[in-house]
Amino acid sequence: MIILIIVILVFLSGCAGGIEKDMWDNMSEYREVMLQGRSEGVYATLISGLREKDYKMDGVSTEKIPFGVITVDLVRGAIEEYSYNLFIGTEKYEGTFDINPHNNTLIADISKCVDANENVVLDIVGGDSKISVKLKNVNLNWAMDARDCVKILLDKYKTQIKSLYDKNNFNAEVYIKIIDEWDEYGEEFFLYISVVAKDDRSISMLISPHTGDILASNIIGF
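Residues numbered from 1 in each chain as written. Predicted model: local features only at pLDDT ≥ 70, side-chain atom pairs only at ≥ 80, totals over all residues. Heavy atoms only, no water.

## Quick notes on the overall build of the protein chain
Turning to step 1, where the next piece is worked out: Helix and strand counts for the protein chain come out as three helices and 15 strands.
Turning to step 2, where the next piece is worked out: In terms of overall dimensions, the protein chain has a C-alpha envelope of 60 × 35 × 30 Å along the principal axes.
Turning to step 3, where the next piece is worked out: For the protein chain, with 222 residues in total, the buried portion stands at 46%.
Turning to step 4, where the next piece is worked out: Here the analysis covers contacts within the protein chain between residues at least 6 apart in sequence; of these, 59% occur between residues at least 24 apart.
Turning to step 5, where the next piece is worked out: Carbon together with sulfur atoms contributes 48% to the accessible area of the protein chain, which is approximately 11,600 Å² in total.
Turning to step 6, where the next piece is worked out: Computed over 22 positive and 35 negative side-chain charges, the separation of the two mean positions in the protein chain equals 6 Å. (Helix = DSSP H or I, 4+ residues; strand = E, 2+ residues; numbered from the N terminus. Buried < 20%, exposed > 50% of the residue type's maximum accessible area, 1.4 Å probe, protein only. Contact = heavy atoms within 4.5 Å. Areas by Shrake-Rupley, 256 points an atom, 1.4 Å probe, with all protein chains shown as cover. Lys, Arg positive; Asp, Glu negative; His and termini not counted. Charge placed at Lys NZ, Arg CZ, Asp CG, Glu CD.)

## Comments concerning the side chain of S48
Turning to step 1, where the next piece is worked out: Summarising the element assignment, S48 is placed in strand β2 (residues 42–52).
Turning to step 2, where the next piece is worked out: At 3.2 Å, the side chain of S48 and the backbone oxygen of F67 are in polar contact.
Turning to step 3, where the next piece is worked out: Among the polar contacts listed, one links the side chain of S48 to the backbone oxygen of K112, at a separation of 3.2 Å.
Turning to step 4, where the next piece is worked out: Apart from the residues lying within four places of it in its own chain, the contact partners of S48 are Y30, R31, E32, V33, F67, G68, K112, C113 and V114. (Polar contact = N/O pair within 3.5 Å; in protein donor to acceptor, adjacent residues only side chain to side chain.)

## Describing the packing of aromatic side chains
Turning to step 1, where the next piece is worked out: A full pass over the atoms with the stated rule returns five aromatic pairs.
Turning to step 2, where the next piece is worked out: Judged by centre distance (6.0 Å) and plane angle (90°), the rings of W24 and Y30 are edge-to-face. The same class applies to W24 and to Y30, which are both buried.
Turning to step 3, where the next piece is worked out: Summarising the aromatic geometry, the rings of Y84 and F97 are spaced 5.1 Å apart at their centres and angled 55° between planes, so their arrangement reads as tilted. Taken together, the residues Y84 in strand β4 (residues 82–88) and F97 in the loop between β5 (91–96) and β6 (98–99) connect sequence positions 13 residues apart.
Turning to step 4, where the next piece is worked out: For F97, a relative accessible area of 7% translates into the label buried. (Phe/Tyr/Trp six-rings, centres within 6.5 Å; stacked < 30°, edge-to-face > 60°.)

## Some thoughts on unusual backbone geometry
Of all residues except glycine, most have a negative phi; of all peptide bonds, most are trans.
Turning to step 1, where the next piece is worked out: Even without glycine at this site, N104 takes up a positive phi of about 70°.
Turning to step 2, where the next piece is worked out: Mapped onto the elements, N104 comes out in the loop between β6 and β7 (106–109).
Turning to step 3, where the next piece is worked out: Residues other than glycine seldom take positive phi values, yet S111 does so here, at roughly 50°.

## Side note on the environment of F97
Turning to step 1, where the next piece is worked out: Along the backbone, F97 and K177 are 80 residues apart, and their C-alpha atoms lie at a distance of 22 Å.
Turning to step 2, where the next piece is worked out: Not counting the four nearest positions on each side in its chain, F97 is found in contact with I70, V72, Y82, S83, Y84, L106, I107, A108 and I124.

## Regarding the nonpolar core
Turning to step 1, where the next piece is worked out: Core analysis: the biggest nonpolar cluster contains 34 residues, and M23, L153, I161, I193 and V195 have the highest contact counts within it.
Turning to step 2, where the next piece is worked out: Those elements giving two or more residues to this core turn out to be α2 (19–25), β1 (27–39), β2, α3 (146–162), β12 (172–183), β13 (186–197) and β14 (202–207).
Turning to step 3, where the next piece is worked out: Top element by residues in this core is α3. It accounts for eight residues.
Turning to step 4, where the next piece is worked out: When near neighbours in sequence (up to four residues on either side) are disregarded, M23 contacts V150, L153, L154, F170, V174, I193 and V195.
Turning to step 5, where the next piece is worked out: With 24 residues, the next largest nonpolar core counts I70, L106, L122 and I124 among its residues. (Core = buried A, V, L, I, M, F, W, Y, C linked by side-chain atoms within 4.5 Å.)

See the structure below:
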């Protein structure tokens, strides 16, 4: 799967021209797929793609590695430690969850690019209990994808993006993420793209994956 995603990035870079190609060549994080599932009061997601090995938002895109981050939201009660068994097709990954100090969710990184066409099941184990959650691809049939995000941002901020060049060098890095937000009223998904320059200037945009509408944008330092 790592080879496939690299091929996709190279293909997108090759199909694009000029500024678009430079943005793809300087992609520091690309969340290619998001899977999610619910069971017995548990909400779980698995986000997968490529990101920098030395993850720094410093305007410089360096070596990329595959990643797969599991996030689980549940009522932990008195159980202090949870472990997981993740089945992706015929492969099995296992380990212990860490606790996200910001929102108290369980998190684990399997360092794996996930094939969204595989059957994916997550077992969450705490004490004597086990909850199984089947994870399904949420972005499979979206109208918008990462390539659209680049085009939409360029359409609105091409002048600002051009100012990030020093001669022929693109002095910035690009992040494309899938974001989910949910509460008791429902759930929404968004595509997020940001450009971070070496000199701390930045552009970010939140986009509807269904319509391509710009839901929010922010520009700093221009």
